[in-house]
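# Topology and contacts: notes
So the chains spell out like this:
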Amino acid sequence: MKFNTKTIHGGQKHDPAYGAVMPPIYQTSTYAQTTPGGHKGFEYSRTHNPTRKALEDSFASIENGKFGLAFGSGLAAIDAVIKLLKPGDEVVSTNDLYGGTYRLFTKIFEDFGIKFHFIGMENADKVEDYVNENTKLIWVETPTNPMMNIIDIKAIAAISKKHNLLLAVDNTFATPYLQRPLDLGADIVMHSATKYLGGHSDVVMGALIVKDEKLAERLYFIQNASGAVCGPQDSFLVLRGIKTLHIRMQRHCENGEAIAKYLKNHPKIEKVYWPGFEDHPNHEVAKAQMDGFGGMISFVTKGSDYDSAIKIVENLKFFTLAESLGGVESLAGHPASMTHASIPKEEREKTGVVDSLIRLSVGIEDINDLIADLEQAIG
Ligand SMILES: *Cc1c(COP(=O)(O)O)cnc(C)c1O
């Protein structure tokens, strides 16, 4: 099955009860048993729910995995991955990563005795310098948020295999439409399904996808034992979102490219971060591992500071000033005061998240309206 068919049919069966084409929203916490243990595969909805199962099978299909798991948020999915570890274990992580991931690692799991090394991974060889006998996991986010750095998943997977580590990739920005980390050697793919998979800014959800059965078993155990699952209504909405993922992503990419080029030629813009530019430091890697460059763009205007960046995002009309990304509507954000405010200023600025940086999630509206909006806001 090709990707554009998988988004619609991958892992899906018509409902056995009445042949419903869309999976019904099984809004139930429990399931009748004829005799203790005499059930139809479902006992309790923290453990399993038919609507969630349909979604989890879709996740597995679109990422070329075997097993999918849905969680109540992206962070709950990441939390489950770190619970594979024990005190004393070490993780090598991308330094330019989602602020909430950084917060979870440093403010929760460091207290449980897990050690994190945050490093720039644009040069994959550097990763090996941080691997020792306690290292268990490499955590990669690519493209990174918000600096759009690109990390070579295949090269990191080779290091991970050599040292018998797990490699997890946060694939939220790229989506499987553009990048399939399991095919490149990763062990775990993670998503904030809140973003492109859901695609309509109406659900908070997380996903994990793996190929290995033992790893899947352990993660299903953690999912059930820790209980950070999502409900059937949200499962239905994300499953519906995935059905149009391919056509939405196509337009996100087209609009993203047009806006990246518009900004690059704008006299008031200092720098545009978008992996599709030939002068992007890892453009060749992006070309090799991605099927397009997506709709996420960050930029800095010339001579701008905190206040002038705030003014631009406040003046935008079609780009709503909001946290999050990946929905059909365009959003603008100011990482330093919003998504990345939980990272200390000096840590942030080391990776380029300066006070004047603006991040766009380019939606699927008419491109002329979007460019006219940027034009009036940047002035
Ligand atoms: C939003 C996001 C997360 C966290 O997901 P939630 O669904 O908000 O918990 C993790 N990684 C990336 C790249 C994100 O954009």
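Our subject in this report is the structure included herewith.

So, how was this worked out
Residues numbered from 1 in each chain as written. Predicted model: local features only at pLDDT ≥ 70, side-chain atom pairs only at ≥ 80, totals over all residues. Heavy atoms only, no water. Pairing = 2+ DSSP bridges. Helix = DSSP H or I, 4+ residues; strand = E, 2+ residues; numbered from the N terminus. Salt bridge = Lys/Arg side-chain N within 4 Å of Asp/Glu carboxyl O. Buried < 20%, exposed > 50% of the residue type's maximum accessible area, 1.4 Å probe, protein only. Phe/Tyr/Trp six-rings, centres within 6.5 Å; stacked < 30°, edge-to-face > 60°. Core = buried A, V, L, I, M, F, W, Y, C linked by side-chain atoms within 4.5 Å. Domains from an automatic or database assignment. Contact = heavy atoms within 4.5 Å. Near = heavy atom within 4 Å. Polar contact = N/O pair within 3.5 Å; in protein donor to acceptor, adjacent residues only side chain to side chain. Areas by Shrake-Rupley, 256 points an atom, 1.4 Å probe, with all protein chains shown as cover. Axes fitted to C-alpha atoms, helices over the stretch in contact; angles between N-to-C directions. Expected span 1.5 Å × (residues − 1). Arc of directions from axis to C-beta. Parallel < 35°, antiparallel > 145°, perpendicular 65-115°, else oblique. Left-handed = near helix turned anticlockwise from the far one by under 90°. Nonpolar A, V, L, I, M, F, W, Y, C, P; charged D, E, K, R; others polar.

### Notes on the pairing of strand S3 (residues 115–119)
Relative to S3, strand S2 (residues 90–94) runs parallel, the two being bridged by five bridges. When the sheet's bridge partners are listed, Glu90 is paired in S3 with Lys115.

### Details of the pattern of salt bridges
All chains considered together, the criterion is met by 15 salt bridges. Lys264 is the partner of Asp279 in a salt bridge, and the nearest nitrogen-oxygen pair spans 2.9 Å. In this pair, Asp279 sits in the loop between strand S8 (269–273) and helix H10 (283–289) while Lys264 sits in helix H9 (residues 245–264), placing the two residues 15 residues apart along the sequence. We classify Asp279 as exposed; its relative accessible area is 55%.

### Digging into the packing of aromatic side chains
One pass over the structure, following the stated rule, counts 10 aromatic pairs. Ring geometry for Tyr102 against Phe118: centres 4.9 Å apart, planes inclined by 50°, an arrangement best described as tilted. Highlighted residues: Tyr102 in helix H4 (residues 99–108) and Phe118 in strand S3, separated in sequence by 16 residues. Taking relative accessible area as the criterion, Tyr102 reaches 13% and is therefore assigned buried. Ring geometry for Trp274 against Phe277: centres 5.1 Å apart, planes inclined by 75°, an arrangement best described as edge-to-face.

### Digging into the nonpolar core
Nonpolar side chains tend to gather and get buried jointly when the protein is soluble and globular. Among the nonpolar cores identified, the biggest contains 38 residues, and Leu55, Phe59, Leu197, Met205, Val238, Ile242 and Leu245 are the most heavily contacted of them. When contributions to this core are tallied by element, the ones reaching two or more residues are helix H2 (50–62), strand S7 (206–210), helix H8 (232–242), H9, H10 and strand S9 (296–301). Taken domain by domain, the makeup of this core includes at least three residues from each of domain 1 (3–242) and domain 2 (245–378). Setting aside its immediate chain neighbours within four residues, Val238 contacts Leu55, Phe59, Ala193, Leu197, Gly198, Val203 and Met205. Counting 31 residues, the second largest nonpolar core, distinct from the first, contains Tyr102, Leu104, Trp139 and Ile343.

### Digging into the site of the ligand
Taken together, 14 residues lie around the ligand, and Gly74, Asp170, Ser192, Thr194 and Lys195 are the ones closest in. Between an oxygen atom of the ligand and a main-chain N or O atom of Gly74, the distance comes to 2.9 Å. Between an oxygen atom of the ligand and a main-chain N or O atom of Leu75, the distance comes to 2.9 Å. Coverage of the ligand by the protein chains reaches 94% of its 380 Å² of free accessible surface. Sorting the residues of the shell around the ligand by element identifies helix H3 (74–82) and strand S6 (188–192) as the ones contributing at least two each.

### Side note on the sheet that holds S9
With mixed pairing, the five strands of this open sheet are ordered in space as S8-S9-S12-S11-S10. The two strands at the open ends of the sheet, each matched to only one other strand, are S8 and strand S10 (320–321). Lying over the sheet, helix H11 (residues 306–315) contacts S9, S10, strand S11 (331–333) and strand S12 (357–361), oriented at roughly 25° with respect to S12.

### Details of the environment of Gly199
Position of Gly199 relative to the elements: it lies in the loop between S6 and S7. Given the relative accessible area of 0%, Gly199 is considered buried. Separated by 53 residues in sequence, Gly199 and His252 place their C-alpha atoms 11 Å apart. The contacts of Gly199, once residues within four sequence positions are left out, are Arg248, Gly326, Gly327 and Val328.

### Notes on helix H7 (residues 213–226)
Across its 14 residues, H7 extends 20 Å between first and last C-alpha, which sits within 8% of the 20 Å expected from 1.5 Å per residue. For H7, the complete set of buried residues consists of Leu215, Ala216, Leu219, Ile222 and Gln223. The arc that holds the buried residues of H7, viewed along the axis, is 125°, so those residues lie on one side. Structural note: H7 exposes Glu213, Lys214, Glu217 and Ala225 on the side pointing more than 90 degrees away from its buried face. Check the buried side of H7 and you find it contacts H2, strand S1 (67–71), H3, strand S5 (166–170), S6 and S7. Where H7 begins, the capping side chain belongs to Asp212, and its oxygen is found 3.2 Å from the backbone nitrogen of Lys214. Just downstream of H7 lies Gly227, where phi reads positive at about 85°.

### Some words on the packing of H9 against helix H13 (residues 367–378)
Where H9 meets H13, the closest approach of the two axes is 10 Å, and the angle between their N-to-C directions is 30°. As summarised for this structure, H9 and H13 are arranged roughly parallel, according to the angle between their axes. As for how H9 packs across H13, the hand of that crossing is right-handed. Facing Asn255, Ala258, Ile259, Tyr262 and Leu263 of H9, the residues of H13 in contact are Ile367, Leu370, Ile371, Leu374, Glu375 and Ile378. Tallied by class, residues from the contact of H9 with H13 come to nine nonpolar, one polar and one charged.

Remember, this is a structural readout, not a statement about activity or role.
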